[in-house]
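A structural walkthrough
Listed here are the chains, written in short residue letters.
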Amino acid sequence: MQVEKQTLHKMAQLARLTIRPEEEAELTNTLSSVLTWMEQLNELDTTQVEPLTHMTLEVNALRPDKALQTLTHEQGLVNAPKRDANYFRVPKVLE
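Okay, so let's go over this structure. Since the structure is predicted, the reported quantities are computational estimates derived from the model, not experimental observations.

In this section: the overall build of the protein chain. Counting its regular elements, the protein chain contains 3 helices and 2 strands. Secondary structure of the protein chain in N-to-C order comes out as α-α-α-β-β. Rg of the C-alpha trace for the protein chain: 28 Å, well past the compact-globule value of 12 Å for 95 residues, more than 25% over. The C-alpha extent of the protein chain, read off along each of the three principal axes, is 70 × 45 × 25 Å. With 95 residues in all, the protein chain has 11% of them scored as buried. Long-range pairs, those at least 24 residues apart, make up 28% of the contacts in the protein chain between residues at least 6 apart in sequence. When the 10 positive and 14 negative side-chain charges of the protein chain are each reduced to one mean point, those points stand 19 Å apart.

What follows covers helix 2 (residues 24-41). With 18 residues, helix 2 extends 26 Å from end C-alpha to end C-alpha; this agrees with the ideal 26 Å at 1.5 Å per step. By the burial criterion, the buried members of helix 2 are Glu24, Thr28, Leu31 and Ser32. Along the axis of helix 2, the buried positions cluster into a sector of 105°, meaning they face one direction only. Set apart from the buried face of helix 2 by more than 90 degrees, the exposed residues are Glu26 and Asn29. For helix 2, the secondary structure elements touched by its buried residues are helix 1 (5-14).

Below, the discussion takes up the packing of helix 1 against helix 2. Two numbers describe how helix 1 lies on helix 2: the axes approach to 10 Å, and their chain directions differ by 90°. Put simply, helix 1 runs roughly perpendicular to helix 2. Packed against helix 1, whose contacting residues are Lys5, Leu8, His9 and Met11, the element helix 2 presents Glu24, Leu27, Thr28 and Leu31 at the interface. Residue composition of the contact of helix 1 with helix 2, by class: 4 nonpolar, 2 polar and 2 charged.

On to the environment of Gly76, then. Relative to the helices and strands, Gly76 resides in helix 3 (residues 73-77). The exposure class of Gly76 is partly exposed, given its relative accessible area of 34%. Between the alpha carbons of Gly76 and Phe88 there is a distance of 9.6 Å; along the sequence they are 12 residues apart. Each residue touching Gly76, except ones within four places of it in the same chain, is listed here: Leu71 and Phe88.

Along the polypeptide, Arg63 turns up in the loop between helix 2 and helix 3. The spatial distance from the C-alpha of Arg63 to the C-alpha of Leu8 is 49 Å, given a sequence separation of 55 residues.

Turning to the nonpolar core, a few remarks are in order. Counting 5 residues, the largest nonpolar core is built from Val3, Leu8, Ala12, Ile19 and Leu31. When neighbours within four sequence positions are excluded, Leu8 is seen to be in contact with Val3, Ile19, Glu24, Leu27, Thr28 and Leu31.

Quick look at unusual backbone geometry now. Even without being a glycine, Arg16 presents a positive backbone phi close to 60°. By secondary structure assignment, the location of Arg16 is in the loop between helix 1 and helix 2. With a phi close to 55°, Ala85 is a non-glycine residue in the positive phi region. With respect to the element layout, Ala85 can be found in the loop between strand 1 (83-84) and strand 2 (87-88).

Reading the values: the criteria
- Residues numbered from 1 in each chain as written.
- Predicted model: local features only at pLDDT ≥ 70, side-chain atom pairs only at ≥ 80, totals over all residues.
- Heavy atoms only, no water.
- Helix = DSSP H or I, 4+ residues; strand = E, 2+ residues; numbered from the N terminus.
- Rg over C-alpha atoms; globule rule 2.2 N^0.38 Å.
- Buried < 20%, exposed > 50% of the residue type's maximum accessible area, 1.4 Å probe, protein only.
- Contact = heavy atoms within 4.5 Å.
- Lys, Arg positive; Asp, Glu negative; His and termini not counted.
- Charge placed at Lys NZ, Arg CZ, Asp CG, Glu CD.
- Expected span 1.5 Å × (residues − 1).
- Arc of directions from axis to C-beta.
- Axes fitted to C-alpha atoms, helices over the stretch in contact; angles between N-to-C directions.
- Parallel < 35°, antiparallel > 145°, perpendicular 65-115°, else oblique.
- Nonpolar A, V, L, I, M, F, W, Y, C, P; charged D, E, K, R; others polar.
- Core = buried A, V, L, I, M, F, W, Y, C linked by side-chain atoms within 4.5 Å.

Below, the structure is given as structure tokens:
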């Protein structure tokens with residue numbers, strides 16, 4: 001499949017890329033060869049192939065989800081640059 005210069009620049013604009021004039025020929029040839037290869041894949045018969053949801057049959061080994069008290073309230077506020085009794089003090093965001 002041949003890619004035109006106009007198509008190359010449209011794709012570059014959509015991808016927010018800048019293409020220098022000396023790169024146009026090489027990029028057009030590379031893109032054309034990739035699309036030609038993709039067209040060859042369309043010729044394969046995949047009617048008997050199940051769609052993949054995962055690349056492997058491995059199952060994640062997840063640890064049990066247990067709620068634990070890891071930090072006390074006071075330990076969490078120890079390094080706060082500013083605090084007000086039991087809370088962090090932060091600059092006002094909204095006027």
